[in-house]
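# Residue-level structure breakdown
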Amino acid sequence: MSLTTEANDSYKQDGKLLQDLLDTEHALESPIDLDIARMRVIELDPLKWIGIDIAPRKLKLTNTGLTVILSAKWPQACPYLSGGPYEGNYVFAQIHFHWGENEMKGSEHSVDGARFEIYFKSSH
């Protein structure tokens, strides 16, 4: 087996691993703790964010008391993610900022057991 074939097989396995995780997204419990020692590097095609360089026509910032939501309207097509392990395009919807009652209880998820004061997620 050549190095190119091995790399291609590894890439396909990494892509399948990620797709399998995506397929179980709603079945996984939340919050999650990212355990860095158990992570491994996988090789995937790069994500492309198409249209991110076009300024929005209008921005809306909403504070619910538990989160701040940033949404936008564009003069033309909305920006979207494409490529990587994903099939199809993922159109940008909004960004959510979450925080907690104090600096020890901010983020829903944790990294090696540590929580952070605030985090954001981009919804597509």
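Above this text is the structure in question.
So, a few notes on the structure that sits alongside this text.

Rules used in this analysis
Residues numbered from 1 in each chain as written. Predicted model: local features only at pLDDT ≥ 70, side-chain atom pairs only at ≥ 80, totals over all residues. Heavy atoms only, no water. Pairing = 2+ DSSP bridges. Helix = DSSP H or I, 4+ residues; strand = E, 2+ residues; numbered from the N terminus. Axes fitted to C-alpha atoms, helices over the stretch in contact; angles between N-to-C directions. Contact = heavy atoms within 4.5 Å. Patch = residues over 30% accessible without salt bridge, like charges linked within 9 Å, V, L, I, M, F, W, Y side chains within 5 Å. Areas by Shrake-Rupley, 256 points an atom, 1.4 Å probe, with all protein chains shown as cover. Salt bridge = Lys/Arg side-chain N within 4 Å of Asp/Glu carboxyl O. Lys, Arg positive; Asp, Glu negative; His and termini not counted. Charge placed at Lys NZ, Arg CZ, Asp CG, Glu CD. Buried < 20%, exposed > 50% of the residue type's maximum accessible area, 1.4 Å probe, protein only.

Taken together, the four strands give an open sheet; going across it, the order is β3-β4-β7-β9, and neighbouring strands pair in antiparallel fashion. Among the strands making up the open sheet, the edge pair consists of β3 (58-63) and β9 (118-123). Pairs of neighbouring strands in the sheet enclose a mean axial angle of 15 degrees, with direction left out of account. The sheet contact formed by β3 and strand β4 (residues 67-73) spans six bridges and is antiparallel. Pairing of T62 across the sheet is with I69, part of β4.

Tracing the sequence through the fold places G88 in the loop between β5 (80-83) and β6 (90-91). Setting aside anything within four residues of it in sequence, one finds G88 in contact with L81 and S82.

Right, let's get into the pairing of strand β7 (residues 94-99). When β4 meets β7, the two strands line up antiparallel, connected through five bridges. Paired with I69 across the strands is H96, a residue of β7.

Moving on: the side chain of H96. Summarising the element assignment, H96 is placed in strand β7. Aside from chain neighbours lying at most four places away, what touches H96 is T67, V68, I69, Y119, F120, K121 and S123.

The subject of this paragraph is the sheet that holds strand β2 (residues 47-50). If you walk across this open sheet you meet the three strands as β2-β5-β6, and the pairing is antiparallel. A single partner strand is all that each edge strand has here, and the edge strands are β2 and β6. By the bridge criterion, two bridges tie β5 to β6 in an arrangement that is antiparallel. Paired with Y80 across the bridge in β6 is V91.

Moving on, we get to unusual backbone geometry. Backbone geometry places D112, a non-glycine residue, at a positive phi of 50 degrees. The topology assignment puts D112 in the loop between β8 (110-111) and β9.

On to the environment of Y86, then. Tracing the chain through its elements places Y86 in the loop between β5 and β6. Separated by 39 residues in the primary sequence, Y86 and L47 have C-alpha atoms spaced 8.5 Å apart.

This part takes up a nonpolar patch on the surface. Where nonpolar side chains cluster on the molecular surface, the patch consists of I32, L34, I36 and M39 and spans about 350 Å² of accessible area. By secondary structure assignment, the location of I36 is in the loop between β1 (33-34) and β2.

Let us now look at a positive patch on the surface. On the surface, R57, K58, K60 and K73 cluster together into a positively charged patch. If you trace the backbone, R57 turns up in the loop between β2 and β3. Look at R57 and you get exposed, because its relative accessible area is 57%.

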